[in-house]
Structure formats: C-alpha cells, structure tokens
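Next come the chains, spelled out residue by residue.
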Amino acid sequence: MRLHTRTRGRVLAAASVVCALTVTLAGCSGTTKDSAKSDTKSNGSSAKANPDAELKKGLKLAFLPKQINNPYEKIVDDAGIAATKEFGGTGKEVGPSDSSASSQVSYINTLIQQRQDAILIAANDPNAVCTPLKNAMKKDIKVVAYDSDTAKDCRQLFINQASSEEIGRSQVQHIAKQLDFKGEIAILSATQNATNQNTWIDFMKDELKKPAYKNMKLVKVAYGDDDDQKSFQETQGLLKAYPKLKGIISPTTVGIAAAARYISSSSYKGKVVLNGLGTPNQMRKYVKDGTVEQFSLWDPKKLGYLGAYAAAALASGQITGAEGEKFKAGELGDYTVGKDGEVILGPPTVFNKDNIDDFDF
C-alpha cells in the first residue's frame, strides 16, 4: 500500500523526502490540526501537504513485487497499473523471479536511473532494500511499500491490506473454531524474512497464548519460500513429521494453494483442516471438493488500485506521509494516513462455498 508526494517546487519536494525519511523520529506536518507547526528535520528544512493540489499528469509509477511470477502480486500490480491511467499516468511492473532477500536491489537501482516518480515495493526483506530505497528518496522518487513493508525509514508510506493484528489473530481464531479448539497445528509461511508473514505469525503466536487455546499446540513453522513445489513438499513433510497434526495455517496464496493440492489427493483430505490466505480463483475447486472449508483474503485489485492513488497523492504533494493526512483514492473513496505512514485497505473477507462464486480474482 502506498502514498506518493511530489510538491510543486524542488525545495518543497526535497523537504517532503526529508520529512518522510524521519517520520518515525519527529512526525511530519500535514493536513492535521498540527499543520500550522513547522515540521523541522535534521537538515532544518520543512514540508507541508497541500490537500488541494491536483494530481499531476504524466506520473511514472513502477511496481516491484516480491517476485515477478507470483499470481497474487500480478493481480495487485495489474490493478495498480490500470489505475494510473485514470489520473493520466503510466505504470509498469518489474521484478526478480526469486524471492531472496537481496533480489530486488538491482531493480531499485535501475528504476532510480530511469527517474520514476514513484517506486511501489512489496519487500522480500525489510532491511535489505533500504539503502537503494533511501537513495531513491534523496532523488525525490517517492517510495511506497505495499503488502509487505520495508523498515519504516526506507519509505514514505505502507499500504497495508488489512490490520496486521486482525489478520494474524483471525487466522488462529478461524482454525480453532474448525478444530473445536483442540489439536496440533502448523504454519506454512512464505520466506523467513517476509515482513508481513512474520508480523502475522507473531500475532498468531500471541493469540495462541490465550486460555481458550490451551488444548492447541503450534508444533512447527515451515517455509515454502512462496514457491509452489517447495510449498507442496513442505506440506507433505509436515504431515509425515507430525502424525497427530490436525490443522495447517498458510498465510500465503502460493502456500495455501500448494497445500490444498497435496491434501486434496491424499488420505489427509477431510482429516486435516487447512486455512489461511488465498484467492477465490485459486481455491474455488478445493472449497467445492471439500478439501478446504474456508479461507480469507482482501481484494488484491483494490490493494493495487489504492496503492497507485496513494503514490500519486504523495508524488503530487497532496500528502507527505504524515499521520492524519487524507487523500481520495478514486472510486474507493477517502483514506487517512495512520501511524508510521500506514494506510489500511480494510478488513479481509472470509470465503466459503456460500460466497466463493461471487468473486473472480
């Protein structure tokens, strides 16, 4: 999720970057009740948002997903690229074929050389991409993280698909109800360094500490690296290593689809509960054949759409990334920047046999 700021003059633009880079230390001025206060940074410059600024024409936005062949992120990025046309901009998607921690660095450097107006990134690692992203911001290229955040001082905005706490805790709550709050469970995650995955898993573990889950036990967190075949193999490994396993949470669209594929053709079908985050088109057949009862997700098209408008607002000077600033995201309506530059799309949707055919993504 993302937001972009380009001010009308170079002085304001430079100040906007400095403001965003130090937001976690001092907090930027914007369209809040504190807007009248000077937002002085370490170099003495200041910046203010102009909520009345028009979205600039011809903005160039680049989407950098975790990996270029990830079906979920393809949906997000395509929607964001389409949205740029609504405000007279252009968008493109570039990225690595693998999801290693440093795989995105060379692409960031190239986008800097191309003088993109904004880089929207789903980070494979919160810190590995920081140096080039900071270089981008120094050159007045706005940086918006989406889906998976960077370190807070490496971007101006983070477009979050939903509250991280809500996502993490709800995953446990859902599978617990399916298991009558009893039994061993495992988590099939993406990569070990993925910011969003690790944040959600931390909330899952915290949720499991509550008395209601005293008869449940998390036995393993496995990593499929958002690779279909590895996720398939990890599912097989979990079920063989833990014969008493009753459920698997996979908070990754690649992982849950691979796990469902394995379970659907195995003796574990109907015996092991699978829940997590997936897309309706990936999971439809597994819901209909009884492999999966339910799963959750937000609309990835709306995530990409919101990210594009947030980046445009940032690049046009409507916002700086300060808490309390507001902007309009096209047909999605008004959004407010929260703490640490976070913008939340909205609560996730639970999909099951009753509603899955109502969605096509």
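Residues numbered from 1 in each chain as written. Predicted model: local features only at pLDDT ≥ 70, side-chain atom pairs only at ≥ 80, totals over all residues. Heavy atoms only, no water.

Observations concerning the overall build of the protein chain
As a reminder, the rule being used: Helix numbers and strand numbers start at the N terminus; a helix is a DSSP run of H or I with at least 4 residues, a strand a run of E with at least 2. Only protein chains enter the accessibility calculation, which uses a 1.4 Å probe; a residue whose area is less than 20% of its type maximum is buried, one above 50% is exposed, and one in between is partly exposed. Contact criterion: two residues are considered in contact whenever any of their non-hydrogen atoms come within 4.5 Å of each other. Using a 1.4 Å probe, accessible areas were evaluated by the Shrake-Rupley method; residue-level cover was limited to the displayed protein chains.
Secondary structure assignment for the protein chain yields 10 helices and 14 strands. For the protein chain, buried positions account for 56% of its 361 residues. Put simply, 72% of the contacts in the protein chain that link residues at least 6 apart link residues at least 24 apart. Summed over all atoms, the accessible surface of the protein chain reaches about 14600 Å², with 48% contributed by carbon and sulfur.

Considering the pattern of salt bridges
What counts here: Salt-bridge detection follows one rule: a side-chain nitrogen of Lys or Arg within 4 Å of a carboxyl oxygen of Asp or Glu.
Enumeration according to the criterion identifies 14 salt bridges in this entry. The shortest N-O distance in the salt bridge between K134 and D153 comes to 3.1 Å. Here K134, found in helix α4 (residues 130–138), pairs with D153, found in the loop between β4 (142–146) and β5 (157–160); they are 19 residues apart in sequence, far enough to count as distant. A residue is classified by how much of its surface remains accessible, and D153, at 27% relative accessible area, is partly exposed. Here the residues in one salt-bridge network are E165, R169, D206, E207 and K210, joined through shared partners.

Side note on the state of the cysteines
As a reminder, the rule being used: Disulfide assignment relies on a single distance test, namely cysteine sulfur atoms paired within 2.5 Å.
Inspection of the entire model under this criterion finds 1 disulfide. With its sulfur 1.9 Å from that of its partner, C130 forms a disulfide with C154. An S-S torsion of about 100° defines the bridge between C130 and C154 as right-handed. Placement of the pair is C130 in helix α4 and C154 in the loop between β4 and β5, with a sequence separation of 24 residues. Take C154: its relative accessible area is 0%, and that puts it in the buried class.

Notes on the packing of aromatic side chains
For any pair of aromatic rings, geometry is given as the distance between the ring centres together with the angle between the planes. Where we set the bar: For Phe, Tyr and Trp, where Trp contributes only its six-membered ring, two rings pair if their centres lie within 6.5 Å, and the inter-plane angle classes them as stacked under 30 degrees, edge-to-face over 60, or tilted in between.
As enumerated under the stated definition, the model contains 12 aromatic pairs in all. Pairing F87 with Y309 gives two aromatic rings, centres 5.1 Å apart and planes at 75°, and the pair type is edge-to-face. Taken together, the residues span a long stretch of sequence, with F87 in the loop between α2 (71–86) and β2 (90–93) and Y309 in helix α10 (residues 300–315) at a distance of 222 residues. Pair check on accessibility: F87 and Y309 agree, each one buried. Each member of the aromatic cluster is reached from another via a ring pair, and the members are F295, F351, F359 and F361.

Points about helix α3 (residues 105–113)
Think of an α-helix as 3.6 residues a turn; residues three or four steps apart then line up on the same face. Our working definition: When we speak of the arc, we mean the arc of directions from the helix axis to the C-beta atoms.
Buried within α3 we find I108, L111 and I112. Buried residues along α3 cover an arc of 105° about the axis, so they all sit on one side. Residues of α3 that are buried make contact with β1 (60–64), β2, β3 (118–121) and α4.

Considering unusual backbone geometry
If you check the backbone angles, R115 has positive phi at about 60° while not being a glycine. Accessibility expressed as a relative area gives 44% for R115, which makes it partly exposed. Residue D340 is not a glycine yet carries a positive backbone phi of 60°. Judged by relative accessible area, D340 falls into the partly exposed class, the value being 23%.

Remarks on the packing of α2 against α10
Our working rule: Every axis corresponds to a line fitted to the C-alpha atoms, with the helix fit spanning only the stretch in contact, and the corresponding angles, defined between N-to-C directions, vary from 0 to 180 degrees. If an angle is under 35 degrees, it is roughly parallel; if it is over 145, roughly antiparallel; if it lies from 65 to 115, roughly perpendicular; otherwise it is oblique. In a left-handed crossing the near helix is turned counterclockwise from the far helix by less than a right angle, and in a right-handed crossing that turn is clockwise. As a working rule, the residues Ala, Val, Leu, Ile, Met, Phe, Trp, Tyr, Cys and Pro are called nonpolar, Asp, Glu, Lys and Arg charged, and the rest polar, with Gly in that last group.
Between α2 and α10, the shortest axis-to-axis distance is 7 Å and the interhelical angle comes to 45°. Between α2 and α10, the angle falls in the class oblique. For the crossing formed where α2 meets α10, the hand is right-handed. Here Y72, I75, V76, A79, G80, A83, T84 and E86 of α2 come into contact with α10, specifically with P300, K301, L303, G304, Y305, A308 and Y309. Class assignment for the residues of the contact of α2 with α10 results in 10 nonpolar, 3 polar and 2 charged.

Some thoughts on the environment of S164
Using the following cut-off: We call two N or O atoms a polar contact when they sit within 3.5 Å, provided that within protein one can donate a hydrogen and the other can accept it, with sequence-adjacent residues counted only if both atoms are side-chain atoms.
On the secondary structure map, S164 appears in helix α5 (residues 164–178). Placed 38 residues apart in sequence, S164 and D202 show a C-alpha to C-alpha distance of 9.8 Å. Aside from chain neighbours lying at most four places away, what touches S164 is T199, W200 and F203. Within polar-contact distance, the side chain of S164 engages the side chain of N160 at 3.1 Å.

What about the sheet that holds strand β9 (residues 273–276)?
Selection criterion: Should DSSP find at least two bridges between two strands, the strands are taken to pair.
Spatial ordering of the open sheet is given by β7-β6-β8-β9, a layout of 4 strands whose pairing is parallel. Two strands close off the open sheet at either side, each with one partner strand: β7 (216–223) and β9. Averaged over all neighbouring strand pairs, the angle between strand axes comes to 25°, with direction disregarded.

Here we look at the pairing of β2
For the record, the criterion: When the strands point away from the viewer and the connection leading from the first strand across the helix to the second strand turns clockwise, the crossover is called right-handed.
Two elements, β1 and β2, share 4 bridges in a ladder whose sense is parallel. Within β2, the residue paired with K60 across the bridge is T90. The parallel pair β1 and β2 is bridged by α2, and the resulting crossover is right-handed.

Examining the sheet that holds β4
The strand order across the open sheet built from 6 strands is β2-β1-β3-β4-β5-β13, with neighbouring strands paired in parallel fashion. Each of the sheet's edge strands pairs with one partner strand only, and the pair in question is β2 and β13 (342–344). Here the average twist between neighbouring strands, direction ignored, is 20°. Summarising the sheet, β4 and β5 pair through 3 bridges and their orientation is parallel. Opposite A145, over in β5, you have F158 as the bridge partner. The strands that α2 touches are β1, β2 and β4; relative to β2, the one it contacts most, it runs at about 165°.

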